[in-house]
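Here is what each chain is made of, one letter per residue.
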Amino acid sequence: MVRKKPKILIVDDDRSLCEILANILDYAGYTSDIAHNGTTALTKIADNFFELVLLDLKLPDISGIKVLKKIVKEKPYLPVIMISGEGTIHIAVEATKLGAYDFLEKPLDSERVLVTINNALKKGLLEREKANLLKNVKEQYVMVGESPHMKHIRELICKAAATDSKVLIEGENGTGKELVARAIHTNSRRAAGPFIAVNCAAIPETLIESELFGYKKGAFTGAVSDKPGKFQMAEGGTIFFDEIGDMSLMTQAKVLRVLEEDVMEMVGGNELIPVDVRVIAATNKELEKEMKRGNFREDLYFRLNVLEIKIPPLREHREDIPLLIQHFMQLFCRGHGVSEKFITPRAMDKLMDYSWPGNVRELKNLIEKLMILIDSPKIEPSDIASVIKNYPVIKSNNVSSLKQARQDFEREFIREKLVIANWNVTKAAKMLGIPRTYLYKKIKKFGIEI
């Protein structure tokens, strides 16, 4: 495949210079177009795709600086190289501050012109790729739903993204806390920076300090070289503390210091390192209750809870279920290369009636399974029952007795807690307030697969 030649716009009122530059560019493998004034240049830029602009500082109608400002505003990823016969350091600095890639003085040296163009084109390509990547990321972390709950959350995301304030996100497992955090990051001024997620419940207490702050060579046995921590990795971007309610009091104190002073120390080091990160935290626990129990520091809570976003469980905004299903079907059909499917009204009723203890995460998982495993273009209630583990629904008009209704409720209630506990029987038994052995008996009695 032959690559299309990069197209460059030459803007200068000196016609002989334009012709010389066009010949140099043609010989080097570029294509070019010419404009002899600023107005024509801006029209050509609006109507065509150029990969670079060579722009003279003095033009007969408007100044090159004004043209540069217009280009930077309307085509921010189009590199501009300024040229002038009256170059001064002051003008060069002003042009680069405004967004010009470089400043070349006349008479132009052809070799330097080509080197500068080559470097500017590489930078322009990287900038366009980065912009496309950010656009794709924003689309990936879109918040789906038109319920009052979701509209309110989107409003809060916009407000949070416009600042660098700390954010505390609260909600059950599977409600989309990290999705909200990423949406805030990708719509903020830090979007080009890293997004570093830290699962506080998954890192052992003995390792979390070195994970967060990094360590110096020789800090402990096995520390054969310096290793940066999560705070350093998130420099210029966002650090996301997931399940912060599971962070130990000792670690909470050290994180609090970073939030208060914007500095940190690596394990085994004594140098204060400046920290420039945006902090977002999330929890499935009620931190106010955890503070009363002595499990969470009050000062850290108020440091984190500048902006608060509470995400409701899916059962509280059921009207969003059809939109979520449609979004996930398109996502997975496109991702797995399968044809789109149709949810029948009866199947949709079943999905609307379900309690969704695993929230949006469980719904997403089910839709992916259906898109992969069901060959028919239509999804029926039987397909849902064949894919989802022990599929129950809230409503039932065919219950024959009070005893059956109680059993159905108990089975569903136990399964809901198991889903929330990620099928950890010990954790689910604790949530239910019953011995683990008794829960095992119930699981066996109701035929719940784990």
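Look up: the structure comes first, before these words.
Notes on the structure in this doc start here.

The helix and strand tally for the chain stands at 19 helices and 14 strands. Classification of the 450 residues of the chain by burial places 43% in the buried group. Contacts in the chain between residues at least 24 apart in sequence constitute 68% of all its contacts with a sequence separation of at least 6.

Pairing in this open sheet of five strands is parallel, and the strands run β2-β1-β3-β4-β5 from one edge to the other. In the strand order of this sheet, the two ends are held by β2 (31-35) and β5 (102-105), each with one partner. Looking at each pair of strands side by side, their axes are set apart by 20° on average, direction ignored. Summarising the sheet, strand β3 (residues 52-56) and strand β4 (residues 80-84) pair through four bridges and their orientation is parallel. Of the residues in β4, the one forming a bridge with D56 is I83.

This part is about the packing of aromatic side chains. In the structure shown here, the tally under the stated rule is seven aromatic pairs. Here Y301 and F302 contribute two aromatic rings whose centre-to-centre distance is 5.2 Å and whose plane-to-plane angle is 75°, an arrangement assigned as edge-to-face. An aromatic cluster of three or more residues is present, and its members are F213, F231 and F241.

Across the sheet, which stays open at both edges, the five strands sit in the order β7-β8-β11-β6-β12 with parallel pairing between neighbours. In the strand order of this sheet, the two ends are held by β7 (195-199) and β12 (307-310), each with one partner. In this sheet, adjacent strand axes meet at a mean angle of 20° when their direction is disregarded. As judged from the four bridges shared by strand β6 (residues 167-170) and β12, these two strands associate in the parallel manner. Residue pairing in the sheet places V167 in a bridge with L307 of β12.

For the rest of this paragraph, the subject is the side chain of Q252. Relative to the helices and strands, Q252 resides in helix α10 (residues 249-261). Here R297 takes part through its backbone nitrogen, which lies 2.8 Å from a polar atom of the side chain of Q252. Excluding residues within four positions of it along the chain, Q252 makes contact with M247, N295, F296, R297 and L300.

This paragraph deals with unusual backbone geometry. Outside of glycine, negative phi angles account for most residues, and trans bonds account for most peptide bonds. Of note, the bond from K106 into P107 is cis; its omega dihedral lies within 30 degrees of zero at 0°. By secondary structure assignment, the location of P107 is in the loop between β5 and α5 (110-140). Look at E243: it is not a glycine, yet its phi comes out positive at around 55°. As for its placement among the helices and strands, E243 is situated in the loop between β8 (238-242) and α10. Taking relative accessible area as the criterion, E243 reaches 10% and is therefore assigned buried. A positive phi angle, near 60°, is found at N359, a position not held by glycine. With respect to the helices and strands, the residue N359 is situated in helix α15 (residues 359-373).

Analysis parameters
- Residues numbered from 1 in each chain as written.
- Predicted model: local features only at pLDDT ≥ 70, side-chain atom pairs only at ≥ 80, totals over all residues.
- Heavy atoms only, no water.
- Helix = DSSP H or I, 4+ residues; strand = E, 2+ residues; numbered from the N terminus.
- Buried < 20%, exposed > 50% of the residue type's maximum accessible area, 1.4 Å probe, protein only.
- Contact = heavy atoms within 4.5 Å.
- Pairing = 2+ DSSP bridges.
- Axes fitted to C-alpha atoms, helices over the stretch in contact; angles between N-to-C directions.
- Phe/Tyr/Trp six-rings, centres within 6.5 Å; stacked < 30°, edge-to-face > 60°.
- Polar contact = N/O pair within 3.5 Å; in protein donor to acceptor, adjacent residues only side chain to side chain.

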